[in-house]
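This is what each chain is made of:
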Amino acid sequence: FPPPPFKQICRDGTEVKVYRMPQVELNKWDAMTTLLHAAHMHNDKIPREVKYDEFVSIAEACLRYQCTSPLEMAVEYLWLPQWVYKASEDNPDGFLLISFVFGLRRLFTRTSKSSILMISSEEELESKEMWPREVNDKIAAVRQAKLAQIYTSCASLLKEYIKLEPDSQKKDNGLNENLNSIPKCPKGLHQCDAANLGWLMLVFNELNILPVLLDMVNNRRPIIRSRRSVS
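Keep in mind it's a predicted model, so treat the numbers as computed, not measured.

So, how was this worked out
- Residues numbered from 1 in each chain as written.
- Predicted model: local features only at pLDDT ≥ 70, side-chain atom pairs only at ≥ 80, totals over all residues.
- Heavy atoms only, no water.
- Phe/Tyr/Trp six-rings, centres within 6.5 Å; stacked < 30°, edge-to-face > 60°.
- Helix = DSSP H or I, 4+ residues; strand = E, 2+ residues; numbered from the N terminus.
- Buried < 20%, exposed > 50% of the residue type's maximum accessible area, 1.4 Å probe, protein only.
- Lys NZ or Arg CZ within 6 Å of the ring centre and 35° of its normal.
- Pairing = 2+ DSSP bridges.

(A) Layout of the packing of aromatic side chains. Considering all chains together, one arrives at four aromatic pairs under this definition. Centroid distance Tyr52 to Trp83: 5.6 Å. Interplanar angle 50°. Geometry classified as tilted. One end of the pair, Tyr52, is in helix α2 (residues 52–64); the other, Trp83, is in helix α3 (residues 72–83), and 31 residues separate them in sequence. Residues Tyr52 and Trp83 agree in their burial class; the two are buried. Between Trp83 and Tyr85, the ring centres sit 6.0 Å apart and the planes meet at 35°, which makes this aromatic pair tilted. By relative accessible area, Trp83 is classed as buried at 14%. An aromatic cluster is present here, built from Tyr52, Trp83 and Tyr85 joined pairwise through their rings. Geometry around Tyr52 places Lys86 over its ring, the cationic atom sitting 4.7 Å from the centre.

(B) Region of the structure containing the pairing of strand β1 (residues 6–9). When β1 meets strand β2 (residues 15–18), the two strands line up antiparallel, connected through four bridges. Its bridge partner being in β2, Phe6 is matched across the sheet by Val18. Adjacent in sequence and paired antiparallel, β1 and β2 are bridged by five residues, among which Gly13 carries a positive phi angle near 90°.

Shown next, in the form of structure tokens:
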């Protein structure tokens, strides 16, 4: 990719971006060519149909130079109807970029929610190099918040069965008396509680989240490094 521009403040206070020369443009899928034709109103040079990878490359070029207005009509009336179904895919990476660049709010909301649900690790999120940094950071923050909510909910469920008392209040009255506490089971059966707790811990262990949940139950600060998607 071309080197990034640097900011220059003019005497009148105007801020401009200065690109280093010579400026090398990759022009992948003729994306830059299409953008320049649109900017110079060469309407006969604007393709009525584009391949999906070409559409994504055009969005990248528009984002790089912050120039979308010349192609907004082509996107809305020609290319978007052709590829809008891509927004319903599980990992619509390219379409998330397209919807962000051209201000397609509803489609961006849909595709970003899908990405939040499907991304399984921080490493996978960092690999989305085509996304703008602010989009990447926002998705990372929302994903972490959703994971925290899930862990908190699971830990609260365990706490309903594992009732911890402070050391000063613990009594060694034997197993029989300790089981006189009111069980969670509607029928009042400790056997039912034991079976439910056992299954919960078995499932959480299979999901590799049991140690984290037990830290939360014991009021210890857990380290959440999940390699699973929110979904």
